[in-house]
Each structure stands twice: as C-alpha cells, then as structure tokens.
Amino acid sequence: MIVRYAALAIMGFFMAVPPHVALAADPLPRAKPETVGISSERLALIGKQINAEIARDQLPGAVLAIARRGKLVHFEAYGYLDKAAGVPMRTDAIFNLASMTKPMAAVAALQLYEQGRLLIDDPVSKYLPKFANMQVAVMDAKRETIIERVPAARRITIQDLFRHTSGLVYGGRGATPVHKLFPEGSSPASLAMTGPEFLDHLSSRPLLYQPGTTWDYGFGLDVLGLIVEQLTEQSLGGYLQDNVWKPLGMTDTHFVVPKDKLSRYAKALPIDPESGQPQTLRPLVEPAKFECGGGCAAGTANDYMRFATMLANKGTYEGQRVLGRKTVEYMTSNHLAPDVRNLIGQTGDPTRADYGFGLGVAVRTTPGVSRMLGSVGDFSWPGASGTNWWVDPREELVVVWMAHSPGTARWRYRQMVNAMVYQALVD
C-alpha cells in the first residue's frame, strides 16, 4: 500500500484512493449503484470531472460520499490531501466543517427543546438577560451612517437564533456601519473573545433589523451554542461528544484536531485559483477562546454521512435515536413566513438562493427557481471552507462533499457536484 501511494504521488495520478484505506468503518452498508437506482456508468462521470479540476490546479483534492435508500454507493477520495507535498487524498481525511457545524449545534439545542429545557419562542433574554433591551439601528438613505437607535419591537427568540432572523449579523457579510460593529464571522469571533466577552459584545451592538423580519446570515447558532453550554454546564464540544458524536460513531469530529490525527488534516491550495490571491484556512489545532456553534468544528466525510443519515432517518442511526421523528420534521420544515425578507442568496450562500430555512438548515420549497437540482423538502447547509452536504428525502439520497476550496470556486463545485449526482439517478 505504501509503495502504491508513493507511486501515485510521484506519477501524479488523480485517482480515488481505494475505500479500504479509511480507518473508521463505513457509515452505511455498501451496495452496487444499480441496486438502488443509480447508474454506475453515469456515476463514473463524477470522478472524471473532479479529476479534471484537480489536474487543472483548480482543486487540491476532495472526498465524496453518496448514499441512496440506506446504501453507500460511492465513497471515494480524489487528488491530494496536501498538493505541495504530493500526499494523496484519503477517505478519512479531516476538513474544516465551517458552517456545517451549525446543524450540529442546532441538533444539540433541539435535544434540550425535547427535554423541555428550552422553548422555541422563548426570548433569548430568558437565558441571557443582557439581550433584554436590544436596539435596532436606523440608517440614512445611503445606509452609510447610523442616525438613530430605536428599541426592538420584540425580543429576539430562540427561533430567531436557529433561523438567522435575530439581526445579529456577520460583520463580514456587508458594508453598512452596523456590519462594521460586529465580528467578521464565527471563527474570528471565537479567536478574539471568550464566550462571555462575545455575548457582551453582541448585546451592546444595535441590530441591523427588527427581530424576526429578515433572514440575514449571522451569529444565531453561536449564541445558541453558548445557551446549550449554560443549560448543560458543559462545553459545546463536550455536550456534542456525549449526545451526538459518540452515539453516531463520529470518532473524527472535534473542535480541536488531535495531534495524532494531524497527518489526515487536508490542506487548501496556497493560492486561490480564481482570484490569484493567497488563501488560508484557520488550522483547528489549538483551542479557540470558545467553541463556536457557528463554524468551528472539523470532521470527516464518514462522520458527516452518519450525522446526515440520522437526519434522513428522522432522528435515528444504527439503533441510536438522537432526535424524535417530529422534531426532525419540524427542524427541516421552512420557518420563514411570507412576510420575512429572505437574503439567503445575498448574504448566506448563492447556491441556496430561493430556498426557505428551517432550524439550522436551508429547506427547498419549490421544484424550480433555485439553481440547484433537488426535490421539494431537501435540506442542507454548506461550509465556507468548501464543504457541502444535503439530504433529499424524496429521492432517499444523502450526499457529503468534503474539499478545502474556500474561495468563490466553492459555489461552482456545489452546483457541479449536485448536477452530477442527480444525473446518475435512473429510477
């Protein structure tokens, strides 16, 4: 095996590493694609295109897992774990999950909801009193100056945190004077501030919108994660380990990548192939000042397939129930009423434009309009590092894509992989 890997590295072949290199057990039983209505011939087109992207130095490497009807039909590694060092990609490679952390933080909070310890319409100030008297910024016509701060018409609720309607926006997703008052994103905030400092910072800033009126990407799941910590008296990672990761067999998901696993930590290309500018990812090798539910975990395709399959199975995986059936149905339903302004495509992710939003996940509400293939009811939420996943209940399909492509190319790969997966379905 070592000789074979060396040969691959030297010759530069862009072939998938065989599935048996994975250290963890497969997340699902394997099956031939045809037994679950997928064409092997059409499925092979995916690898051909991914390898072409790697050969053009557009992508360092990737791992793709596809399951249908509870069977794993594709679990392959492509290209390089470390392109500069010539290290081939492997199926147990570890990636920054970025915002794919959010659905896991949402599940943690929903478990507390099921226990009666947290209610969806509770005001956040019930748990964090400093959010009781929030103000909303009023800006001039050009949105260049804050001219007034008015009291919030209602308090921010737990539901607002889940669905990004709190008005606590990411500073890096806009240019208004309100954006400039907030941290750029979840990861930078967790490096700069402790949890209490972060909450003090947010609660002292004016909201960009009245609570509940606008979907705009922000810190809701970070605040929710800190409420989980307060209610459970555990760190968010400790709670997830005990109640989500361990029950699902997610052995490689962490807020800090252990030293003995660093050899499996994938690297991005040093230069963004589209902008030509240097690009880096935060190395998750040292603890941040708090474990942010909005984007600070790392993990593998194997682990996330387990998590996504649990949601596809309405809360269960291999006999372990993580959430109740109705809770998952509620989580993956659209929670944006028609009068809520929806900026998912503008400030969230353009590939999810025209989706609705549930509790921590985007939810498709129409068969057309969106630039992505899928079915009404499919749900997902990708990560800024280049990772992506989705569940299509109608097609009984679960897909996990892991790649470190943090630039704008990530949006192209989300569409590309989406189209290639669906074109392989033949029944």
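Keep in mind it's a predicted model, so treat the numbers as computed, not measured.

### A short note on the overall build of the protein
Here is step 1: Each helix and strand in the protein was counted, giving 12 helices and 16 strands.
Here is step 2: Computed over C-alpha atoms, the radius of gyration of the protein comes to 21 Å, within 12% of the 22 Å expected from 2.2 N^0.38 for 427 residues, which places it in the range of a compact globule.
Here is step 3: Viewed in the frame of its principal axes, the protein has a C-alpha envelope of about 65 × 45 × 40 Å.
Here is step 4: Taking all 427 residues of the protein together, 59% fall into the buried category.
Here is step 5: In the protein, once contacts between residues fewer than 6 apart in sequence are set aside, the share between residues at least 24 apart is 70%.
Here is step 6: As displayed, the protein offers around 16500 Å² of accessible surface, 54% of which is attributable to carbon and sulfur atoms.
Here is step 7: Separation of charge centres in the protein, based on 44 positive and 40 negative side chains, amounts to 1 Å.

### Observations concerning the state of the cysteines
Here is step 1: One pass over the structure, following the stated rule, counts one disulfide.
Here is step 2: One disulfide in the model links C292 with C296; its S-S distance is 1.7 Å. Taking the sign of the S-S torsion, 90 degrees for the link of C292 and C296, the bridge is right-handed.
Here is step 3: Its relative accessible area of 0% is what places C292 among the buried residues.
Here is step 4: In this structure C296 comes out as buried when scored by relative accessible area, which is 2%.

### Focus: the pattern of salt bridges
Here is step 1: Tallied over the entire structure, the rule returns 22 salt bridges.
Here is step 2: With a closest N to O distance of 3.0 Å, D252 and R264 form a salt bridge. Separated by 12 residues along the polypeptide, D252 in the loop between helix 8 (236–248) and strand 8 (298–299) and R264 in the loop between helix 8 and strand 8 bring together distant segments of the chain. Of the two residues examined, D252 and R264, each falls in the buried class.
Here is step 3: Between E329 and K326 there is a salt bridge, with the nearest N and O atoms lying 2.8 Å from each other. Here E329 and its partner K326 are both found in helix 10 (residues 325–331), three residues apart, which amounts to about one turn of the helix.
Here is step 4: Overall, the relative accessible area of 53% leaves K326 in the exposed class.
Here is step 5: A single network of salt bridges, built from pairs that share partners, joins R68, R69, E395, E396 and D427.

### Describing the confidence of the model for the protein
Here is step 1: With 94% of its residues at a pLDDT of 70 or more, the protein shows a mean pLDDT of 94.
Here is step 2: Low confidence marks residues 1–23, where pLDDT is under 50. Its contacts with residues over four positions away, or in another chain, come to 42 contacts.

### What to know about helix 7 (residues 220–232)
Here is step 1: Compared with an ideal rise of 1.5 Å per residue, which puts 13 residues at 18 Å, helix 7 spans 18 Å between its outermost C-alpha atoms and is within 8% of the ideal.
Here is step 2: Residues G220, L221, D222, V223, L224, G225, L226, I227, V228 and T232 constitute the buried set of helix 7.
Here is step 3: Contacts made by the buried residues of helix 7 are with helix 3 (101–114), helix 4 (158–163), helix 5 (186–192), helix 6 (195–203) and helix 8.
Here is step 4: Once helix 7 finishes, E233 follows within two positions and takes phi at roughly 55 degrees, a positive value.

### Topic: the packing of helix 2 (residues 40–55) against helix 12 (residues 409–423)
Here is step 1: Viewed as axis vectors pointing N to C, helix 2 and helix 12 meet at an angle of 160 degrees, and their least axial separation amounts to 8 Å. On the basis of the axis angle, helix 2 is roughly antiparallel to helix 12. By crossing handedness, the relation of helix 2 to helix 12 is classed as right-handed. Contact residues: helix 2 offers R42, L43, L45, I46, Q49 and E53, while helix 12 offers R412, Y413, M416, M420, V421 and Q423.
Here is step 2: Looking at the contact of helix 2 with helix 12 residue by residue, the class counts come to seven nonpolar, two polar and three charged.

### Regarding the environment of P196
Here is step 1: By the element assignment, P196 lies in helix 6.
Here is step 2: On a C-alpha basis, the gap between P196 and N133 in space is 17 Å, while along the polypeptide they are 63 residues apart.

What counts and how
Residues numbered from 1 in each chain as written. Predicted model: local features only at pLDDT ≥ 70, side-chain atom pairs only at ≥ 80, totals over all residues. Heavy atoms only, no water. Helix = DSSP H or I, 4+ residues; strand = E, 2+ residues; numbered from the N terminus. Rg over C-alpha atoms; globule rule 2.2 N^0.38 Å. Buried < 20%, exposed > 50% of the residue type's maximum accessible area, 1.4 Å probe, protein only. Contact = heavy atoms within 4.5 Å. Areas by Shrake-Rupley, 256 points an atom, 1.4 Å probe, with all protein chains shown as cover. Lys, Arg positive; Asp, Glu negative; His and termini not counted. Charge placed at Lys NZ, Arg CZ, Asp CG, Glu CD. Disulfide = S-S within 2.5 Å. Salt bridge = Lys/Arg side-chain N within 4 Å of Asp/Glu carboxyl O. pLDDT = per-residue confidence, 0-100. Expected span 1.5 Å × (residues − 1). Axes fitted to C-alpha atoms, helices over the stretch in contact; angles between N-to-C directions. Parallel < 35°, antiparallel > 145°, perpendicular 65-115°, else oblique. Left-handed = near helix turned anticlockwise from the far one by under 90°. Nonpolar A, V, L, I, M, F, W, Y, C, P; charged D, E, K, R; others polar.

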